[in-house]
Amino acid sequence: MLTDKNIQNIKNNMSGINEIDSIKQLFSQINKSDREDFFEKVAEEFDMVKSSVRSGWFSRFEIPMKYNVRKHLIAYMQDYISCSVKKSKD
């Protein structure tokens, strides 16, 4: 289980990793049982279709570089994981 300290360590360690590797690392931290919810929320956040998020972004990891989408996605994923950890503590 991820703790707030683990999440902070992940954030700190990502400075030397490229953005796609960061996204892959964060994605691996999301429980498989939560992934459908995650895909739905990412699709809403980025105004996309859920199936495109699932197949393009998180199967092939083809995430556009334009408009800082990758950085925005990394921040979104960090927040999502942080909220998931807080919910599991309650």
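A quick note: this is a predicted structure, and the numbers were derived from the prediction, not measured. (Residues numbered from 1 in each chain as written. Predicted model: local features only at pLDDT ≥ 70, side-chain atom pairs only at ≥ 80, totals over all residues. Heavy atoms only, no water.)

**Student:** With reference to specific residues and values, describe the packing of aromatic side chains.
**Tutor:** Summed over the entire model, instances satisfying the criterion amount to ten aromatic pairs. Measuring from ring centre to ring centre gives 5.1 Å for phenylalanine 38 and tyrosine 80, while their planes differ by 65°; the resulting arrangement is edge-to-face. Taken together, the positions of phenylalanine 38 in helix 3 (residues 35-45) and tyrosine 80 in helix 5 (residues 69-89) put the pair 42 residues apart, joining distant regions of the chain. When sorted by exposure, phenylalanine 38 lands in the same class as tyrosine 80, which is buried. Ring plane angle 80° and centroid distance 6.1 Å describe the contact between phenylalanine 58 and phenylalanine 61, whose orientation is recorded as edge-to-face. The burial state of phenylalanine 58 is the same as that of phenylalanine 61; both residues are buried. Clustering of aromatic rings is evident, with ring pairs tying together Phe27, Phe38, Phe39, Phe58, Phe61 and Tyr80. Above the face of the phenylalanine 61 ring, lysine 24 is positioned so that its terminal group lies 5.4 Å from the ring centre. (Phe/Tyr/Trp six-rings, centres within 6.5 Å; stacked < 30°, edge-to-face > 60°. Helix = DSSP H or I, 4+ residues; strand = E, 2+ residues; numbered from the N terminus. Buried < 20%, exposed > 50% of the residue type's maximum accessible area, 1.4 Å probe, protein only. Lys NZ or Arg CZ within 6 Å of the ring centre and 35° of its normal.)

**Student:** A description of helix 4 (residues 50-57) should follow, citing residues and the corresponding values.
**Tutor:** Every buried residue of helix 4 is accounted for by Val53, Gly56 and Trp57. Seen along its axis, helix 4 keeps its buried residues to an arc of 95°; they face one direction. (Arc of directions from axis to C-beta.)

**Student:** Please give an account of the nonpolar core that cites residues and values.
**Tutor:** Phe38, Val42, Phe58, Leu73 and Met77 are the most contacted members of the largest nonpolar core, which has 23 residues in total. When contributions to this core are tallied by element, the ones reaching two or more residues are helix 2 (19-28), helix 3, helix 4 and helix 5. Excluding anything up to four places from it in sequence, phenylalanine 38 contacts Phe27, Ile30, Phe58, Met77 and Tyr80. (Core = buried A, V, L, I, M, F, W, Y, C linked by side-chain atoms within 4.5 Å. Contact = heavy atoms within 4.5 Å.)

**Student:** Residue-level account of helix 3, with values.
**Tutor:** Buried within helix 3 we find Arg35, Phe38, Phe39, Val42 and Ala43. Around the axis of helix 3, the buried residues are gathered within 135° of arc, so they sit on the same side. Directly after helix 3, the chain includes aspartate 47, whose backbone phi takes a positive value near 55°.

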